[in-house]
Amino acid sequence: QVQLVESGGGLVQAGASLRLSCAAAGSILTINVMSWYRQAPGKQRELVASITGGGSTNLADSVKGRFTISRDNAKNTVYLQMNNLKPEDTAVYYCKAAIIERGSIGYLEVWGQGTLVTVSS
């Protein structure tokens, strides 16, 4: 059973920084794209950032210049460095990964449980 475990959320003031981590655990053969999504109260879940196995990144316009996504393939972990946080960044942040399990041939889409980020003004 493959799972993603997130950490790093919390309550901060506007302008502060946080670093989210998401580690994949289980019988993993390979991981392709790893992504961060967020869902604010009353809003749909939206893509924040993604990174391929080769390190190519994509960021939502709303976070460009403030957020950075990176990964450590040896640790099966993806990070989201969030700087200059704003109240509108308040949301539950979820990571997602496309994973091939050992003994399987297709990608499995796995979601983390979510971690709450609250930014006060």
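Notes on the structure follow. (Residues numbered from 1 in each chain as written. Predicted model: local features only at pLDDT ≥ 70, side-chain atom pairs only at ≥ 80, totals over all residues. Heavy atoms only, no water.)

**Digging into the overall build of the protein chain**
Where we set the bar: For helices the rule is a DSSP run of H or I covering at least 4 residues; for strands it is a run of E covering at least 2, with both sets numbered from the N terminus onward. The globule rule used here is 2.2 Å times the number of residues to the 0.38 power, and the radius of gyration it is set against is calculated over C-alpha atoms. Only protein chains enter the calculation, and the probe is 1.4 Å; a residue is then buried if its accessible area is under 20% of its type maximum, exposed if over 50%, and partly exposed in between. In what follows, residue pairs with any heavy atoms lying within 4.5 Å of each other are defined as contacts. Surface accessibility follows the Shrake-Rupley procedure with a 1.4 Å probe radius. Residue values consider only the protein chains on display as shielding. Counted charges follow a simple rule, with Lys and Arg positive, Asp and Glu negative, and His plus the chain ends left uncounted. Every charge is mapped onto a representative atom, which is NZ of Lys, CZ of Arg, CG of Asp or CD of Glu.
Counting its secondary structure elements, the protein chain contains 0 helices and 11 strands. Shown N-terminal to C-terminal, the secondary structure of the protein chain runs as helices and strands in the order β-β-β-β-β-β-β-β-β-β-β. In terms of overall dimensions, the protein chain is globule-like: its C-alpha atoms have a radius of gyration of 14 Å, near the 14 Å expected for 121 residues. Reported as C-alpha extents along the three principal axes, the dimensions of the protein chain are approximately 50 × 25 × 25 Å. Taking all 121 residues of the protein chain together, the buried fraction comes to 40%. Sequence-distant contacts, at least 24 apart, represent 56% of the contacts inside the protein chain between residues at least 6 apart. Carbon together with sulfur atoms contributes 47% to the accessible area of the protein chain, which is approximately 6300 Å² in total. The distance from the centre of the 11 positive side-chain charges to the centre of the 8 negative ones in the protein chain is 3 Å.

**Considerations on the sheet that holds strand β8 (residues 77-82)**
Two modes of strand pairing occur in sheets, parallel and antiparallel, and in both the strands are linked by backbone hydrogen bonds. Our working rule: Two strands qualify as a pair provided DSSP detects at least 2 bridges between them. To define axes, lines are fitted to C-alpha atoms, for helices over the stretch in contact only, and angles between the resulting N-to-C directions are given on a 0 to 180 degree scale.
One open sheet accounts for 4 strands, arranged β1-β3-β8-β7; its pairing is antiparallel. Each end of this open sheet is capped by a strand with a single partner; those strands are β1 (3-7) and β7 (67-72). Put simply, the sheet's adjacent strands are angled 15° from each other on average, direction ignored. Relative to strand β3 (residues 18-25), β1 runs antiparallel, the two sharing 5 bridges.

Any functional reading would require information that these geometric values do not contain.
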